[in-house]
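Close look at the chain arrangement
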Amino acid sequence: ELSAAVIHAATKQQLPAKVTQVSQEWCDIEFHPDLGSSSGSSSHNVYQLSVRYDGEHINGSPFRFLSTDASQCYTRGKGLTVARVGDRNKFLVCTENAGPGELKVDIEGGEEWLDVSTANETQYEVSYVPSTVSIIKISVKWGEKSIPGSPFKVKCCDPSKFIIANPFKEASVGEPLQFSVLVDGSESIEKWEEPTVVARARHKKNIPGTVKKAKNGKYNCKINIKETGKYVVHVCCNGFEIEGSPMKVRMMAPPVPKNVIAYGPGLEDGVIGQRGQFTINAADAGYGHITYIVCGPKNAFQLNMNRHPSIQGAIQAQYSPRRSGVYTISLMWAGVHIPGSPFTVTVKDE
């Protein structure tokens, strides 16, 4: 008489085994693995099968084998939650402790390109390319059983449909940075995607921003940075950088117009035919830009400003008057007159 016994290798628990004679020469042995005793280790699904005939082990008995347990598979990778339309998105499936089986991956909700390759003996790399903005379901099975988390819901977004309308490179602390993000696309894009804003700087905590949806496919973004320094502002859609992101921003101290110094012979009397020149030093004036207004004989005085070739934070200004007369030069930093402004310059004939 043929008998069989199954012992769980980790717990030493004996499981019932059913022997059924299917022909004169063959018998089936059936048992159900106790998956509830899973310990998460590589030995949890190892079993020992003893087969005896008239009380004696048959040739090869006891047999050692692995059962298939899809619950021991695990996954990792960004492609399990969000994906970028038109790009190759990936995730990994690890089957190290799941026993023998075959990996099957299916995508519901769209005609997507799909590829499953072997990374090593116990890991598989799954790649796919979404074709449209949508939510798809990715079904992952091992040995015909769904693995934990399957089916996975994935948001497929298209960051190329977003663009920063008014990017910036410099700003002042104490005032929130404000900019807009425009959306070019259908209602479905706005339904599943919304941009996020965060500023990062070395050795500093991340600074999250706020995003409010406006009309006509527009988002108003705001972020408040309170310390000076160099920051990188990331504007993302489902974790993917949009067009124009990241922005490198230099945060400067608030404007101090009284710290701007203007000097040079060009701020005194001049002569027609001789170039007037002066320097504006704003190194300690904080955030801002120099603006000017010239009053005097019409179309006779043009002021040109360029970065100073040798003084950091300074501007070199030049002009060549074409008519004699009295001119006033108003110099303003962040919209406020600097010390000495407006300057009066009298241009004489030769």
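Before reading on, note that the structure itself is shown above.
Residues numbered from 1 in each chain as written. Predicted model: local features only at pLDDT ≥ 70, side-chain atom pairs only at ≥ 80, totals over all residues. Heavy atoms only, no water.

So, the overall build of the chain
- On a plain count of helices and strands, the chain comes out with one helix and 35 strands.
- Relative to a compact globule of 350 residues, whose C-alpha radius of gyration would be 20 Å, the chain shows 37 Å and is clearly more extended.
- Seen through its principal axes, the chain has C-alpha atoms that stretch 130 × 40 × 30 Å.
- Counting only residues that meet the buried cut, the chain has 38% of its 350 residues in that class. (Helix = DSSP H or I, 4+ residues; strand = E, 2+ residues; numbered from the N terminus. Rg over C-alpha atoms; globule rule 2.2 N^0.38 Å. Buried < 20%, exposed > 50% of the residue type's maximum accessible area, 1.4 Å probe, protein only.)

Quick look at the sheet that holds strand 10 (residues 89–94)
- In spatial order, the strands read 8-10-13-12; together these four strands make up an open sheet with antiparallel pairing. Edge positions in the sheet fall to strand 8 (74–76) and strand 12 (113–120), since each has one partner strand and no second. Ignoring which end each strand starts from, the neighbouring axes of this sheet average 25° apart.
- Pairing analysis gives six bridges linking strand 10 to strand 13 (residues 123–129), with the strands arranged antiparallel. Bridge assignment links valine 93 to a residue of strand 13, and that residue is tyrosine 124. (Pairing = 2+ DSSP bridges. Axes fitted to C-alpha atoms, helices over the stretch in contact; angles between N-to-C directions.)

Notes on the pattern of salt bridges
- Overall, the coordinates contain five salt bridges when judged by the stated rule.
- Aspartate 115 serves as the salt-bridge partner of arginine 88, at 3.9 Å between the closest nitrogen and oxygen. Pair noted here: arginine 88 is in the loop between strand 9 (82–84) and strand 10 and aspartate 115 is in strand 12, with a separation of 27 residues, a long-range link. (Salt bridge = Lys/Arg side-chain N within 4 Å of Asp/Glu carboxyl O.)

With respect to the nonpolar core
- In this structure, Phe179 and Val235 are the most contacted members of the largest nonpolar core, which totals 29 residues.
- Listing elements by their share of this core, those giving two or more residues are strand 17 (162–164), strand 19 (177–183), strand 20 (195–200), strand 23 (218–223), strand 24 (229–237) and strand 26 (247–252).
- If we ignore the near neighbours within four places in the chain, the residues touching phenylalanine 179 are Ile164, Asn166, Phe168, Val197, Tyr219, Asn220, Cys221, Val235 and Met247. (Core = buried A, V, L, I, M, F, W, Y, C linked by side-chain atoms within 4.5 Å. Contact = heavy atoms within 4.5 Å.)

Regarding the side chain of asparagine 89
- Tracing the backbone shows asparagine 89 in strand 10.
- Classification of asparagine 89 as buried rests on a relative accessible area of 7%.
- From its side chain, asparagine 89 meets the backbone oxygen of aspartate 87 in a polar contact 2.9 Å long.
- Setting aside anything within four residues of it in sequence, one finds asparagine 89 in contact with Val82, Ala83, Arg84, Val126, Ser127, Tyr128, Pro130 and Phe240. (Polar contact = N/O pair within 3.5 Å; in protein donor to acceptor, adjacent residues only side chain to side chain.)

Notes on the sheet that holds strand 27 (residues 261–263)
- Ordered by their spatial adjacency, four strands build an open sheet running 27-29-32-31, and the pairing between neighbours is antiparallel. Both edges of this open sheet fall to strand 27 and strand 31 (303–307), since each of them pairs with a single strand only. Taken over all neighbouring pairs, the strand axes of this sheet differ in orientation by 20° on average, direction set aside.
- Two elements, strand 31 and strand 32 (residues 314–319), share five bridges in a ladder whose sense is antiparallel. Bridging across to strand 32, leucine 303 finds its partner in tyrosine 319.

Section: the packing of aromatic side chains
- Here the structure, examined in full by the defined rule, presents six aromatic pairs.
- Directly above the ring of phenylalanine 240 sits lysine 78, whose terminal nitrogen or CZ lies 4.0 Å from the centroid. (Phe/Tyr/Trp six-rings, centres within 6.5 Å; stacked < 30°, edge-to-face > 60°. Lys NZ or Arg CZ within 6 Å of the ring centre and 35° of its normal.)

Observations concerning the environment of glycine 335
- Residue placement: glycine 335 occurs in the loop between strand 33 (325–333) and strand 34 (336–337).
- Between the alpha carbons of glycine 335 and cysteine 157 there is a distance of 43 Å; along the sequence they are 178 residues apart.

Let's talk about the pairing of strand 11 (residues 103–108)
- In strand 11, alternate side chains face the same way, and those of Leu103, Val105 and Ile107 are buried while those of Lys104, Asp106 and Glu108 on the opposite face are not.
- Bridge count for strand 11 against strand 14 (residues 134–142) is six bridges, and the pairing is antiparallel. Each bridged residue has a counterpart across the sheet, and for lysine 104 the counterpart in strand 14 is lysine 141.

Some thoughts on the state of the cysteines
- Enumeration over the complete set of coordinates arrives at zero disulfides.
- The thiol of cysteine 94 is unpaired, and the distance to the nearest cysteine sulfur, on cysteine 73, comes to 7.8 Å. (Disulfide = S-S within 2.5 Å.)

Comments concerning the environment of tryptophan 333
- Mapping tryptophan 333 onto the fold places it in strand 33.
- Setting aside residues up to four positions removed in sequence, tryptophan 333 forms contacts with Pro255, Val256, Pro257, Val260, Ala282, Ala285, Gly286, Tyr287, Gly288, His289, Ile290 and Ile338.
- Engagement of the side chain of tryptophan 333 in a polar contact is seen with the backbone oxygen of alanine 285, the distance being 3.1 Å.

Keep in mind that these numbers describe shape and distance, not what the molecule does.
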